[in-house]
Amino acid sequence: MRHDPASAAIVIMLRSLKMYGMAQAASDLMEQGSPAFEAAVPIISQLLKAETAEREVRSIAYQIKAARFPTYKDLTGFDFASSEANEALVRQLHHCEFIDNADNVVLVGGPGTGKTHLATALGVQAVEHHRKKVRFFSTVELVNALEKEKALGKTGQITERLVRSDLVILDELGYLPFSASGGALLFHLLSKLYERASVAITTNLSFSEWAGVLGDAKMTTALLDRLTHHYHIVETGNDSFRFKASAAATKRRKEKTKNLTTA
């Protein structure tokens, strides 16, 4: 018996929504050529599309919350004109193909140059448009959590959760020091993530300075070998956005005062 495409689509939607009993019933009605079912196809289809859309919205909202971004950021709010970041590269990364390849991203630059904004925007894009699982951490907070986990005799639980992620963002590597044992735990975590999940790291340090943070030169070399095997580097420069904005505002105030004085 030839099946109506719209009826077949309803069965597919029901299965995708895991309504298996209803899917089987709909399939049976379709096989029977039920006139009542055929007449109801348009409204059933509309209802299922609405349910699918609602579940999608809820799923995205849940994943955004689970990612624990410090704030919501996207590329529309980033001022490339004031940044040294390579816009073409950033927009290429924004397609999130690097995540499919388990590539890594290192965003390096001075404080206030937009590293965290860009890293967050990549994560938000990955969740909202590519349905990826993302987790955002302050690097120091992650290291503290790893050390606490070890002290409680639960080593490995955080790692096991993160290897199921698609993208792990580590923010502000190098801004605050942590212990040698913490560095070793971070190394172990990143080694487990190697070629299983993408890692995006924001830092104010050049690679040659990482050993000072991780506390062991050989371990740092091994880590960088893994991290930079498949990676992209985004350099944001050293001139702070906030400093530029403050300086520009100060200049405008001085010019305004000067104009009022000479008027």
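Within every chain, residues take consecutive numbers counted from 1 along the sequence as written. With pLDDT at 70 or above as the cut-off, local features in this predicted model cover only qualifying residues; side-chain atom pairs require 80 or more to be listed or tallied, and sums for whole chains, interfaces and linings still use all residues. Only heavy atoms go into the side-chain values, all of them from the structure, while hydrogens and water stay out.

Draft legend 1. Structural detail: the pattern of salt bridges. Every case where a carboxyl oxygen of Asp or Glu lies within 4 Å of a side-chain nitrogen of Lys or Arg is listed as a salt bridge. Enumeration over the complete set of coordinates arrives at five salt bridges. A salt bridge links Glu56 to Arg131; the nearest nitrogen and oxygen atoms lie 2.3 Å apart. Remark: Arg131 occurs in the loop between helix 6 (115-130) and strand 2 (134-138) and Glu56 occurs in helix 3 (residues 35-67); sequence separation between them is 75 residues. Asp100 serves as the salt-bridge partner of Lys132, at 2.7 Å between the closest nitrogen and oxygen. With a gap of 32 residues between them, Lys132 in the loop between helix 6 and strand 2 and Asp100 in helix 5 (residues 97-100) connect regions that are remote in the sequence. Take Asp100: its relative accessible area is 52%, and that puts it in the exposed class. What counts as a helix is a DSSP run of H or I of at least four residues, what counts as a strand is a run of E of at least two, and both are numbered from the N terminus. The buried label goes to any residue with under 20% of its type's maximum accessible area, the exposed label to any with over 50%, and the partly exposed label to all in between, with areas taken from a 1.4 Å probe on protein chains only.

Draft legend 2. Quick look at helix 3. To estimate the expected span of a helix, subtract one from its residue number and multiply by 1.5 Å. Look at helix 3: 48 Å from first C-alpha to last across 33 residues, which is about the 48 Å you get at 1.5 Å a residue. What is called the bend at a residue is the angle between a pair of axes, fitted to the seven residues leading up to and ending at it and to the seven starting from it. Helix geometry: helix 3 is bent most strongly at Val41, by close to 50°, with proline Pro42 lying one to four residues after it. Those residues of helix 3 hidden inside the fold are in contact with helix 1 (5-16), helix 2 (20-32), helix 6 and strand 2. Contacts are residue-level and defined by heavy atoms, with any inter-residue pair within 4.5 Å sufficient.

Draft legend 3. Seen up close, the environment of Asp100. C-alpha of Asp100 to C-alpha of Lys132: the two residues are 32 residues apart in sequence and 9.5 Å apart in space. Looking at Asp100, its side chain comes within polar contact range of the side chain of Lys132, at 2.7 Å. N or O atoms closer than or at 3.5 Å make up a polar contact, with two conditions inside protein: a donor-capable atom paired with an acceptor-capable one, and, for residues adjacent in sequence, both atoms drawn from side chains.

Draft legend 4. Representation of the side chain of Ser7 within the structure. With respect to the secondary-structure elements, Ser7 resides in helix 1. With sequence-adjacent residues up to four places away left out, Ser7 is seen in contact with Met30, Phe37, Glu38 and Val41.

Draft legend 5. Region of interest: the packing of helix 9 (residues 180-193) against helix 11 (residues 217-227). It is the contact of helix 9 with helix 11, at a shortest axis distance of 10 Å, that shows an interaxial angle of 25°. Considering their axes alone, helix 9 and helix 11 lie roughly parallel with respect to each other. Considering how the two elements wind past one another, helix 9 and helix 11 form a crossing that is left-handed. Contacts between helix 9 and helix 11 involve Gly183, Ala184, Phe187, Leu190 and Ser191 from the former and Met219, Ala222, Leu223 and Arg226 from the latter. Think of each axis as a best-fit line through the C-alpha atoms, taken over the contacting stretch in the case of a helix, with angles from 0 to 180 degrees between the N-to-C directions. Between 65 and 115 degrees an angle is taken as roughly perpendicular, under 35 as roughly parallel, over 145 as roughly antiparallel, and anywhere else as oblique. Rotating anticlockwise by less than a right angle from the far helix to the near helix defines a left-handed crossing, while the corresponding clockwise rotation defines a right-handed one.

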